[in-house]
Amino acid sequence: MRGMWLIVFVAALSANPVCAQDRINVVASFSILGDFVKNVGGDRANVTTLVGPNGDVHVYTPSPSDAKKNADAKILVVNGLGLEGWLPRLVQAAGSKAAIVTASNGIAPLKVGSEADPHAWQSVPNAKIYVANIRDALVAADPPDAAMFRANAARYLGELDALDAEVRAAIAKIPPERRKVITTHKAFAYFAAAYGIAFLAPVGVSTETEPSARDIAALIQRIKADKIPAVFLENLSDDRLVGRIAAETGAKSGGTLYSDSLTGENGPAPTYIALVRHNIKALTSALGN
Amino acid sequence: MLTAALITPFTDFEFMRRALAAVIALSLGGAPIGVFLMLRRMSLVGDAMAHAILPGAAIGFLLYGLNLLAMILGGLTAGFLVAILAGVVSRSTGLKEDASLATFYLASLALGVTIVSVKGTNIDLLHVLFGNILAMDDQTLLTVACNATITLIVLAVIYRPLVIESVDPLFLRTVSRAGTPTHLAFLALVVINLVSGFQALGTLLAVGLMILPAGIAKFWSRDISGMICAAVVSAIISGYAGLVLSFQTRIPSGPAIILVAALLYIGSVLFGSVGGVVRQLFPGRHLEA
Amino acid sequence: MSAQLQFRDVTLGYDRHPAVHHLAGDVAAGALLAVVGPNGAGKSTLFRGLVGILKPLSGSISLGGLDARDIAYLPQTADIDRGFPITVFDFVGTGLWRATGLFGGIGNAERKKIAAALAAVGLTGFENRAIGTLSGGQMQRLLFARLMLQDARLILLDEPFNAIDSRTSADLLLLVKRWHAEGRTILVALHDLETVRAHFPETLLFARGPVAWGPTEEVLTPDNLLVAMRMCEAFDDSAAACVADPQSRAA
């Protein structure tokens with residue numbers, strides 16, 4: 001009888017390490033990637049994000065607590081394509097042994113001047129590639145949960161397919177000559193390429209460059225010449241400039257388009273899917289008849 | 001051909017007209033203040049103030065989110081506190097004005113950074129707060145115009161004691177009690193001009209159009225009223241020429257205006273009628289008496 | 001003659017060290033008083049106390065009903081920004097502050113007064129010069145001209161003839177006498193005893209505290225001067241609290 005209890009006791013003890021390995025620590029560089037990882041990882045992954053909701057991932061300055069998050073992580077998921085200029089130093093400083101996963105692997109980047117445009121997640125087909133890369137990384141790092149990750153990913157990819165179809169259907173309803181907008185942030189090139197809406201912007205790729213009068217004048221002339229119907233703001237930059245351009249051209253101000261980050265829980269874009277839905281709704285109501 | 005370059009940008013585009021109006025208003029209010037700042041050896045106070053307003057803006061952000069009005073009022077309050085505390089300390093102790101201001105603005109900046117980091121967001125608050133001259137909407141234009149009006153009126157009232165206080169403070173102290181109120185009123189004007197200048201036009205233009213014209217004027221007049229006129233005129237010329245330059249080339253508008261002002265300054269250093277280098281090197285024949 | 005100024009056992013100093021120690025006495029209205037003493041005697045401190053820049057450590061000074069605008073003060077070293085772009089005319093014109101205040105215009109009458117003041121000090125023709133171009137003596141004349149325009153009942157001059165040539169000092173001394181003849185009360189801090197003996201009827205010999213006060217011949221005796229000379233210049237860090245000080249008596 002006592003031997004039985006001993007066996008049970010030893011079995012229980014040896015089962016513990018297996019339970020403790022359950023949640024794999026993953027750090028994502030910004031909120032959109034964090035959302036992808038959460039969807040694939042489910043409750044088997046403990047996800048933390050460096051640049052949180054409403055943050056600006058282009059100009060982020062990491063803090064010591066970020067270094068700590070990195071040090072504890074097994075996987076670090078980054079966008080790549082030059083988005084996180086501040087990351088290499090952080091990784092080095094944290095002395096982290098995390099495996100770095102570039103979510104945009106396998107995507108042929110669009111160019112802005114001579115550099116790559118990092119906003120690849122804006123097109124849903126690209127987002128699916130991101131999710132696949134993340135799934136493969138999780139599977140490699142945590143084989144016991146591979147089945148779970150694959151199942152989550154498959155379900156999420158299905159949701160993304162549905163989303164893609166939604167977007168295409170919505171855009172089809174907009175008359176072709178009205179498929180062009182102005183926005184402040186040159187972050188929608190991938191969206192434009194995938195879905196056929198032209199995005200024009202007065203400032204450069206990051207939120208730091210300042211426009212010249214010539215750039216603004218050229219933009220105004222173009223809007224008037226091409227009869228561009230709507231102007232959109234981005235949740236991080238100078239909305240007064242966009243408002244001025246709208247006032248001078250008679251274009252309609254369409255609200256806010258979200259590009260580089262999710263909003264908080266109570267905002268209109270707490271997840272990637274919600275973000276895309278919000279954007280497409282704003283676009284169709286501004287551009288539709 | 002020349003008319004096309006100099007006049008048509010303003011007749012064709014409303015944002016250019018508004019920018020010109022803003023520059024004129026800023027010159028009328030800011031340039032006289034800049035002359036006094038320079039004569040009182042406070043030329044670097046603009047930069048100091050840009051940092052000093054941070055805790056006020058941060059508190060405004062904490063309480064009301066990205067509400068521009070809250071952040072401006074917060075910034076104004078912080079600016080006033082720093083300026084007035086520095087002024088009072090330097091008058092009642094042996095500490096000179098510049099040291100007094102330096103200590104307060106550094107303390108203020110540290111406080112601001114602490115507040116922002118406690119909240120845990122990485123939004124560059126000051127970036128949000130600072131505006132752009134090409135984005136003059138009705139409200140901002142009105143602010144800049146009001147600012148100039150208030151400044152001119154208050155300056156007219158305190159002109160005489162301000163001049164006396166700048167050249168012979170002990171004399172003013174012995175004949176009148178107007179010394180301290182005048183000094184504080186002047187500091188208040190400096191803060192108002194700077195803060196509203198920042199939020200309308202950004203730091204570079206707000207501070208630049210105060211200080212550079214004062215430097216230019218020094219080489220063209222021996223008398224303070226002449227200096228003030230010269231400063232206002234050179235500020236307006238810089239603004240106009242800078243806007244034209246930004247329109248014809250791809251130089252951003254703020255830097256373009258300041259670059260023109262800098263060129264005028266170098267020209268004045270060399271060829272100015274009062275103490276210009278060329279005049280010193282080639283004074284001509286000496287007079288009979 | 002009524003007393004214009006009353007020193008009521010006043011002590012003035014810096015950081016609790018007395019520079020003027022228990023001064024008591026009256027200055028009559030319309031007096032011309034020389035305040036004499038070696039360097040560091042406390043003459044400038046006394047004037048600062050009179051003007052109100054320095055608050056007494058104990059005791060008080062009564063100004064006989066005068067307020068700040070009735071007093072004209074010429075400090076020993078003027079902290080004037082010579083580089084400031086202001087003309088001689090405008091600078092002297094600031095002396096009219098009492099009359100014009102913030103907004104009063106400088107009309108014809110005022111211009112005449114300014115011109116007269118400049119003429120009295122021999123600076124006619126200098127109206128449009130920047131103050132930075134004046135020599136030391138010319139600057140001192142300028143300050144006298146401004147003083148004139150202040151039209152004050154009490155005039156305090158702290159070592160006004162230092163570092164200027166004898167012709168200028170002679171001219172300015174004539175001005176002082178003219179003001180005295182107009183009934184103003186004038187105190188002048190000097191250390192040139194010849195000038196004092198020649199032009200000042202009354203003298204206060206001062207060395208941290210009053211040594212002698214009265215008609216000049218009686219005050220400037222060799223014995224008195226010796227006492228004044230022996231005064232120590234540096235403040236004594238180990239000095240105890242003064243027993244005559246009412247505050248310490250109460251404690």
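Residues numbered from 1 in each chain as written. Chains lettered and ligands numbered in written order. Predicted model: local features only at pLDDT ≥ 70, side-chain atom pairs only at ≥ 80, totals over all residues.

**Considering the overall build of chain C**
Within chain C one finds 10 helices and nine strands. Computed over the C-alpha atoms, the radius of gyration of chain C is 19 Å, within 12% of the 18 Å expected from 2.2 N^0.38 for a compact globule of 251 residues. Along the first, second and third principal axes, the C-alpha atoms of chain C reach 60 × 40 × 40 Å. Burial statistics for chain C: of 251 residues in total, 36% are counted as buried. Restricting the contact set of chain C to residue pairs at least 6 apart, pairs at least 24 apart contribute 70%. (Helix = DSSP H or I, 4+ residues; strand = E, 2+ residues; numbered from the N terminus. Rg over C-alpha atoms; globule rule 2.2 N^0.38 Å. Buried ≥ 20, exposed ≤ 12 C-beta atoms within 10 Å, placed from the backbone. Contact = placed C-beta atoms within 7 Å.)

**Some details on the arrangement of the chains**
Looking across the two pairs of chains in contact, one finds the most contacts between chains A and B. With respect to C-alpha atoms, chain A approaches chain C no nearer than 38 Å, and the pair has no contact.

**Notes on the interface of chain C and chain B**
Contact residues are listed per partner, giving 20 residues for chain C and 20 residues for chain B. Secondary-structure elements contributing two or more residues to the side of chain C that touches chain B are β5 (71-74) and α3 (97-100) of chain C. Partitioning the side of chain C that touches chain B into residue classes produces 14 nonpolar, two polar and four charged. (Nonpolar A, V, L, I, M, F, W, Y, C, P; charged D, E, K, R; others polar.)

**Quick look at the sheet that holds β5(C)**
Residue and element names in this part refer to chain C. Within the open sheet, the six strands sit side by side as β5-β6-β7-β3-β8-β9. Their pairing is mixed. Only two strands of the sheet have a single neighbouring strand rather than two, namely β5 and β9 (209-215). Neighbour-to-neighbour, the strand axes of this sheet turn through a mean angle of 15°, independent of strand direction. With respect to the sheet, helix α6 (residues 166-181) is in contact with β3 (32-36), β6 (154-158) and β7 (185-190), its orientation differing from that of β7 by roughly 150°. (Pairing = 2+ DSSP bridges. Axes fitted to C-alpha atoms, helices over the stretch in contact; angles between N-to-C directions.)

**Things to note about the sheet that holds strand β1 (residues 3-14) of chain C**
Residues and elements named next belong to chain C. Strands sit in the order β2-β1-β4 across an open sheet of three strands; the sheet is antiparallel. Taken across any chain shown, the strands that pair with only one partner, and hence form the sheet edges, are β2 (17-28) and β4 (58-62). Strand-to-strand twist in this sheet, taken as the mean axis angle between neighbours without regard to direction, amounts to 15°. Pairing of β1 with β2, which is carried by eight bridges, proceeds in the antiparallel orientation. Directly across from valine 10, in β2, lies its bridge partner leucine 23.

**A word on helix α3 (residues 64-72) of chain A**
All names here are of chain A. By the burial criterion, the buried members of α3 are Asp66, Lys69 and Asn70. Seen end-on, α3 carries its buried residues on one side only, within an arc spanning 100°. Across α3 from its buried face, at more than 90 degrees, point the exposed residues Pro64, Ser65 and Lys68. Against the buried residues of α3 lie β1 (24-30), β2 (45-51), β3 (75-78) and α4 (87-94). (Arc of directions from axis to C-beta.)

**As for the interface of chain A and chain B**
Listed as interface residues are 22 residues of chain A and, on the opposing side, 25 residues of chain B. Of all the secondary structure elements, the ones that give two or more residues to the side of chain A that touches chain B are α8 (213-226) and α9 (239-249) of chain A. The leading source of residues in the side of chain A that touches chain B is α8(A), at six residues. Along the lines of polarity and charge, the residues of the side of chain A that touches chain B split into nine nonpolar, five polar and eight charged.

**Considerations on the domain arrangement of chain A**
All names here are of chain A. Domain annotation of chain A identifies domain 1 (20-166) and domain 2 (173-287). The distance between the C-alpha centroids of domain 1 and domain 2 comes to 26 Å. Of the residues lining the interface, 26 residues belong to domain 1; the matching set on domain 2 comes to 24 residues. The set of elements that each furnish at least two residues to the side of domain 1 that touches domain 2 consists of α2 (31-41), α5 (124-141) and α6 (146-172). Among the residues forming the side of domain 1 that touches domain 2, the class breakdown is 14 nonpolar, eight polar and four charged. (Domains from an automatic or database assignment.)

**Some words on the confidence of the model for chain C**
Residue and element names in this part refer to chain C. Looking at chain C as a whole, its pLDDT mean stands at 85, while 92% of the residues score no less than 70. When the criterion is pLDDT under 50, residues 247-251 qualifies, and its contacts beyond four places in sequence or with other chains add up to four contacts. Among the prediction metrics, the complex's ipTM stands at 0.84, with pTM recorded as 0.76. (pLDDT = per-residue confidence, 0-100.)

**Structural notes on the domain arrangement of chain C**
Residue and element names in this part refer to chain C. Entries for chain C in the domain assignment read domain 1 (1-66 + 153-167 + 178-251) and domain 2 (82-150). The gap between the C-alpha centroids of domain 1 and domain 2 is 29 Å. Contact residues are listed per partner, giving five residues for domain 1 and four residues for domain 2. When its residues are assigned to classes, the side of domain 1 that touches domain 2 shows four nonpolar, no polar and one charged.

**A look at unusual backbone geometry**
Residues and elements named next belong to chain C. With a phi close to 50°, aspartate 9 is a non-glycine residue in the positive phi region. Relative to the helices and strands, aspartate 9 is located in strand β1. The phi dihedral of glutamate 159 falls on the positive side, at around 45°, and the residue is not glycine. Mapping glutamate 159 onto the fold places it in the loop between β6 and α6.

**Examining the nonpolar core**
Formed by 231 residues in total, the largest nonpolar core has its most connected members in A:Val77, A:Ile134, B:Ala231 and C:Leu156. Of all the elements, helix α3 (residues 14-39) of chain B adds the most residues to this core, at 14 residues. Once you skip the residues sitting within four places of it in the chain, A:Ile134 turns out to touch A:Phe36, A:Val37, A:Val40, A:Val77, A:Val101 and A:Ala103. (Core = buried A, V, L, I, M, F, W, Y, C linked by C-beta atoms within 7 Å.)

**Looking at the environment of A:Ile280**
Position of A:Ile280 relative to the elements: it lies in helix α10 (residues 272-287). For the pair A:Ile280 and A:Asp226, spaced 54 residues apart in the sequence, the C-alpha separation amounts to 22 Å.

**Describing the pairing of β6(C)**
Two faces make up the sheet, and in a regular strand the side chains alternate between them. Residue and element names in this part refer to chain C. Burial analysis of β6 places five of its five residues in the buried class, the great majority of the element. Burial of β6 is two-sided: the residues Leu154, Leu156 and Asp158 facing one way and the residues Ile155 and Leu157 facing the other way are all buried. Pairing analysis gives four bridges linking β5 to β6, with the strands arranged parallel. Within β6, the position partnered with leucine 74 by the bridge is leucine 157. Note that β6 and β7 share five bridges and pair parallel.

**A few points about the packing of helix α5 (residues 54-64) of chain B against helix α6 (residues 68-92) of chain B**
Between two packed helices, what matters for the description is the angle formed by their axes and the separation of those axes. All names here are of chain B. For the pair α5 and α6, the least separation of the axes is 6 Å and the interaxial angle reads 145°. Of the two elements, α5 crosses α6, and the hand of that crossing is right-handed. Together, Pro55, Gly56, Ala57, Ile59, Gly60, Phe61, Leu63 and Tyr64 of α5 and Ala70, Met71, Leu73, Gly74, Gly75, Leu76, Thr77, Ala78 and Gly79 of α6 make up the contact between the two elements. The residue inventory of the contact of α5 with α6, partitioned by class, reads 11 nonpolar, six polar and no charged. (Left-handed = near helix turned anticlockwise from the far one by under 90°.)

**As for the environment of A:Thr263**
Residues and elements named next belong to chain A. Note on placement: threonine 263 falls in the loop between β10 (252-257) and α10. Classification of threonine 263 as partly exposed rests on a count of 19 C-beta atoms within 10 Å. Sequence separation between threonine 263 and alanine 274 is 11 residues, and the spatial gap between their C-alpha atoms is 9.9 Å. Setting aside anything within four residues of it in sequence, one finds threonine 263 in contact with Pro53, Asn54, Tyr258, Pro268, Ala269 and Pro270.

**A look at the confidence of the model for chain A**
Caution is warranted with low-pLDDT regions, since their predicted coordinates should not be read in detail. Residues and elements named next belong to chain A. Confidence along chain A averages 82 in pLDDT terms, with 87% of residues attaining 70 or more. The secondary-structure element of chain A with the lowest mean pLDDT is helix α1 (residues 2-20), recorded at 55, while α6 shows the highest, at 93. Scored below 50 in pLDDT, residues 15-20 makes zero contacts in the model with residues more than four places away or belonging to other chains.

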